[in-house]
There are 4 protein chains.
Amino acid sequence: MPTTSTDPSQAEPGKRSRRKEARPGELLDAALDLFVEKGFAATRVEEVAARAGVSKGTLFLYFPSKLELFKAVVRLNIAGRFDEWKLELQTFEGSSSELLRYCFTVWWERIGSTKASGITKLILSEAGNFPEIASFYRQEVIEVGQDLIRCILQRGMASGEFREVDMNYAIYLVLAPMIFLMMWRHSIGMCVPDELGITPEGYIRLQVDNILQGLCVRAQPPSPSTP
Amino acid sequence: MPTTSTDPSQAEPGKRSRRKEARPGELLDAALDLFVEKGFAATRVEEVAARAGVSKGTLFLYFPSKLELFKAVVRLNIAGRFDEWKLELQTFEGSSSELLRYCFTVWWERIGSTKASGITKLILSEAGNFPEIASFYRQEVIEVGQDLIRCILQRGMASGEFREVDMNYAIYLVLAPMIFLMMWRHSIGMCVPDELGITPEGYIRLQVDNILQGLCVRAQPPSPSTP
Amino acid sequence: MPTTSTDPSQAEPGKRSRRKEARPGELLDAALDLFVEKGFAATRVEEVAARAGVSKGTLFLYFPSKLELFKAVVRLNIAGRFDEWKLELQTFEGSSSELLRYCFTVWWERIGSTKASGITKLILSEAGNFPEIASFYRQEVIEVGQDLIRCILQRGMASGEFREVDMNYAIYLVLAPMIFLMMWRHSIGMCVPDELGITPEGYIRLQVDNILQGLCVRAQPPSPSTP
Amino acid sequence: MPTTSTDPSQAEPGKRSRRKEARPGELLDAALDLFVEKGFAATRVEEVAARAGVSKGTLFLYFPSKLELFKAVVRLNIAGRFDEWKLELQTFEGSSSELLRYCFTVWWERIGSTKASGITKLILSEAGNFPEIASFYRQEVIEVGQDLIRCILQRGMASGEFREVDMNYAIYLVLAPMIFLMMWRHSIGMCVPDELGITPEGYIRLQVDNILQGLCVRAQPPSPSTP
DNA sequence: TATGAATGAGACTTCATTCAT
DNA sequence: CATGAATGAAGTCTCATTCAT
């Protein structure tokens, strides 16, 4: 009977506790952190194991190789958040402008501001080394995400709210600011944690404002400035 | 800018000795390509040497370590083209809208479409591993580049052509599309060389159109569809 | 030979408890198979346990280490069947030629064609790594077996049936074909299960014929082609 | 130009001498010794390298993996000794009995008594782990060797010197004593280096005598006893 | 200067062994 | 007794770096 303790590693049931269900998740979390932080090659499996609180050997009990661990991290962190979004999109009742703004907000809450954003940075950084993963990501994430964006834009054009633009390029009006922000925060942005006066929310608001200014047939007034 | 010379072998600076002098450059070119494509860790110095046509030992004659080679690649490729640009900006005679579009065009010709764009991809990808390089890049390139963008925007606002927006965020209206395109082409974009219907030029045009639509007090009509 | 029992679970010595007592034997059987097939080093204890139908931990309940398991396998499988043989030899009533042929037959039935032959293959293969086992085997098996062969040959020479030959070498006329066949079947022979036209029985017959042809003072005619 | 010296490590031209041509051979020799002595799995590459006088990394300069090193050892030590033998066989001028005895003698000199014999032991021991190598050995060595034996026996039968026997089995009259001796000397035989009174030559003589006694239509008198 | 053979620290991975349940 | 999750020493292989030629 371990003593009760206030430590977050909470009443651990002994060094060699049997937690088969919990292990993979802990390892994947640790791996996500480290892969994002240091890249695939520079991350040592021993470090991943240590951060998950287990030994090197234990990691290989759950993942047959470092590469498979990497793939599992990618898979876990991108898996089907899109279905949920698609549903929200289809049942959204406001204007298309509001929908687009809502889309950015939700993206930021669920992806952009979370560890999941690190995955994108990771994939873009390592695409050259793992074409297999890159094209997997392309199909499973990029394509699906672009479809979502396309739906929103088409909704706006169909209702006459947005002007007609070449859809293949218009998608990037939405995609580029998102991808950029994720890359930026996980690279250059890391050096200057609190750049005075710059917040992700402010960045997003101006980007959305600008997209809508350019896109709307009757330009809506830009949202009031940040407090 | 090699000088033209006739005798490759003797007392004058011929082919051989020129080659000799050119070695570091060839190595840096090869290294840039490989670092961009595969990242720092996954690039083997032997490969760099081979691509430059020399032996592994020779590489270490010019660069004391792999890390120094990396730094040299970064240093060489971010060397300021900004003075030249600043001059062009200050002597530009058209409208600020035209200037902004011109700025994008020039950027694409001199940076975006050239190997130089690879350095941005490289830095962003490896920022986590080499913070000192990242912050060096931040100071030498990002800050200066942002200044340039700021000047353009201020010119437009001062003349009443652009509406007033928070400059700290507005900068990213210009920066994000540029950075995104460079990252994209060097990562995910590499898998699908000629995605039908998508050209960098088209991408840039729509981005600029949109920025100007959102920025101009009297929205100029978007540029005609095809050049 | 399991007894039929109705209740697998309770107070009587049913399936479960018998199984329990049988465990070491099942482990040793499984280990013999795998050691023979793959050698000591390439055999994983987990595999042995799995083949015996128990977990890895259980194996270590019965055998303190892999090496001890190995030794136990060897010990079990070389345990003297020789006393029995010696008796048969001493009470044999036919000619020495018949005795020799009988000896081969019995050897084939009881050793050569059974899993016991595997132990010889195992010992010879691993002798270099486990000299103590090898010399143990030498003393317990080889010496004793050679004695047996010596007795047979001496019986034949004493009765004038066999010509006089140097006993130290003559022993190998009998031993070599036996050892060879065991090694062969457990190594190269495994690749080609039914090499057309070659049977162990045929091999043995010709070997015996030849030995007797060479050994007998009045060469007996070789045995007829087929049984 | 190495200086003449009495030391076997002969005026070594420096620690890091360039001996690209010599290295593979030295490594293969060392590997042969160790593989034969300890088996494939129990041999560590570092040990092989050390015995060859180089570092671990150097070994991988010449052989891409431990398995490839193993294959190279096998290939080197079995390659084309057979062509030479075939020629000798076809031009042999004595009786078939003499030829058979000569064949044993030559085999002993060139294979049996040399390190090459270790290869056979090695293959038979490891056949289970490397079916690929086993079948390679079977085709390249066993088949060819059996052909050679077959030729000799057919020569004897054709000339009426040997009686007719089923060739498929007769081959093993010759093969078995050879294989046995090689296995024996590299396993059990290693424990007792100089077993008094037993020499390989004596073993071979008696085996040949016995084969010929059994095979010849007019049994030739056995060769006189060993001095 | 240029070479490329050689090095050895360090990474991934395996597996005999332990031990809490 | 039995289990199987966990461990960590040990082995294979890589690659930046050195240095004799």
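Here the structure is a predicted model, which is why all the values come from computation and not from measurement. (Residues numbered from 1 in each chain as written. Chains lettered and ligands numbered in written order. Predicted model: local features only at pLDDT ≥ 70, side-chain atom pairs only at ≥ 80, totals over all residues. Heavy atoms only, no water.)

### Quick look at the overall build of chain A
Point 1. For chain A, the count of helices and strands is 11 helices and zero strands.
Point 2. Listed N to C, the secondary structure of chain A is α-α-α-α-α-α-α-α-α-α-α in terms of helices and strands.
Point 3. Each of the 227 residues in chain A was classed as buried or not, and the buried ones make up 47%.
Point 4. Expressed as a percentage of contacts within chain A between residues at least 6 apart in sequence, the contacts between residues at least 24 apart total 67%.
Point 5. When the accessible surface of chain A is summed, it comes to about 11400 Å², and 54% of that surface belongs to carbon and sulfur atoms. (Helix = DSSP H or I, 4+ residues; strand = E, 2+ residues; numbered from the N terminus. Buried < 20%, exposed > 50% of the residue type's maximum accessible area, 1.4 Å probe, protein only. Contact = heavy atoms within 4.5 Å. Areas by Shrake-Rupley, 256 points an atom, 1.4 Å probe, with all protein chains shown as cover.)

### Side note on the interface of chain A and chain B
Point 1. Contacts between chain A and chain B engage 49 residues on the former and 48 residues on the latter.
Point 2. Between chain A and chain B, the buried area comes to about 4400 Å², and carbon and sulfur atoms account for 65% of it.
Point 3. Counting the contacts that link chain A with chain B gives zero salt bridges.
Point 4. Those elements giving two or more residues to the side of chain A that touches chain B turn out to be α1 (22-38), α7 (116-126), α8 (131-158), α9 (167-185), α10 (188-191) and α11 (200-215) of chain A.
Point 5. With 11 residues, the top contributor of residues to the side of chain A that touches chain B is α9 of chain A.
Point 6. Taken together, the residues that form the side of chain A that touches chain B break down as 28 nonpolar, 14 polar and seven charged. (Buried area = accessible area lost by both parts, 1.4 Å probe. Salt bridge = Lys/Arg side-chain N within 4 Å of Asp/Glu carboxyl O. Nonpolar A, V, L, I, M, F, W, Y, C, P; charged D, E, K, R; others polar.)

### Observations concerning the packing of helix α6 (residues 96-112) of chain C against helix α8 (residues 131-158) of chain C
All names here are of chain C.
Point 1. Where α6 contacts α8, the two axes come as close as 9 Å, and the packing angle between them is 165°. Between α6 and α8, the interaxial angle falls into the category roughly antiparallel. In the crossing of α6 with α8, the sense of the turn from one axis to the other is left-handed. The segment α6 lies against α8, with S96, L99, L100 and C103 engaging I152, R155 and G156.
Point 2. Residues belonging to the contact of α6 with α8 are distributed by class as follows: four nonpolar, two polar and one charged. (Axes fitted to C-alpha atoms, helices over the stretch in contact; angles between N-to-C directions. Parallel < 35°, antiparallel > 145°, perpendicular 65-115°, else oblique. Left-handed = near helix turned anticlockwise from the far one by under 90°.)

### Description of the relation of the copies chain D and chain C
Point 1. Placing chain D over chain C gives an RMSD of 0.4 Å and needs a rotation angle of 180°, together with 0.2 Å of translation along the axis. On the angle and the small slide along the axis, the relation comes out as a two-fold axis.
Point 2. Looking at chain D, 98% of its interface residues are interface residues in chain C too, so the copies touch through the same face. (Least-squares fit on C-alpha atoms with pLDDT ≥ 70 in both.)

### What about the UniProt feature "DNA-binding region" (unreviewed entry) in chain A?
Point 1. This chain's UniProt record puts "DNA-binding region" (unreviewed entry) on residues 44-63 of chain A.
Point 2. Between the C-alpha atoms that bound residues 44-63 of chain A the distance is 14 Å, and the span itself is 70% helix and 0% strand. (UniProt positions renumbered as here; feature names shortened; annotations may be inferred.)

### What to know about the packing of helix α11 (residues 200-215) of chain C against helix α11 (residues 200-215) of chain D
Point 1. Where α11 of chain C meets α11 of chain D, the closest approach of the two axes is 7 Å, and the angle between their N-to-C directions is 90°. In terms of axis orientation, α11 of chain C runs roughly perpendicular to α11 of chain D. Side by side, α11 of chain C and α11 of chain D meet where N210, I211, Q213, G214 and L215 of chain C of the first sit next to N210, I211, Q213, G214 and L215 of chain D of the second.

### Some thoughts on the relation of the copies chain A and chain B
Point 1. The two copies are related by a screw motion: chain A maps onto chain B through a turn of 180° and a shift of 0.2 Å along the axis, at an RMSD of 0.3 Å.
Point 2. The fraction of interface residues of chain A whose copies in chain B are also interface residues reaches 96%, indicating that both copies meet through the same surface.

### Quick notes on the confidence of the model for chain A
Residues and elements named next belong to chain A.
Point 1. In the predicted model, chain A carries a mean pLDDT of 86, and the fraction of residues at 70 or more is 84%.
Point 2. Across chain A, element-level confidence peaks in helix α2 (residues 45-51) with a mean pLDDT of 97 and bottoms out in α10 with 80.
Point 3. Note that residues 1-14 has pLDDT below 50 and, in this model, five contacts with residues that lie over four places away or in other chains. (pLDDT = per-residue confidence, 0-100.)

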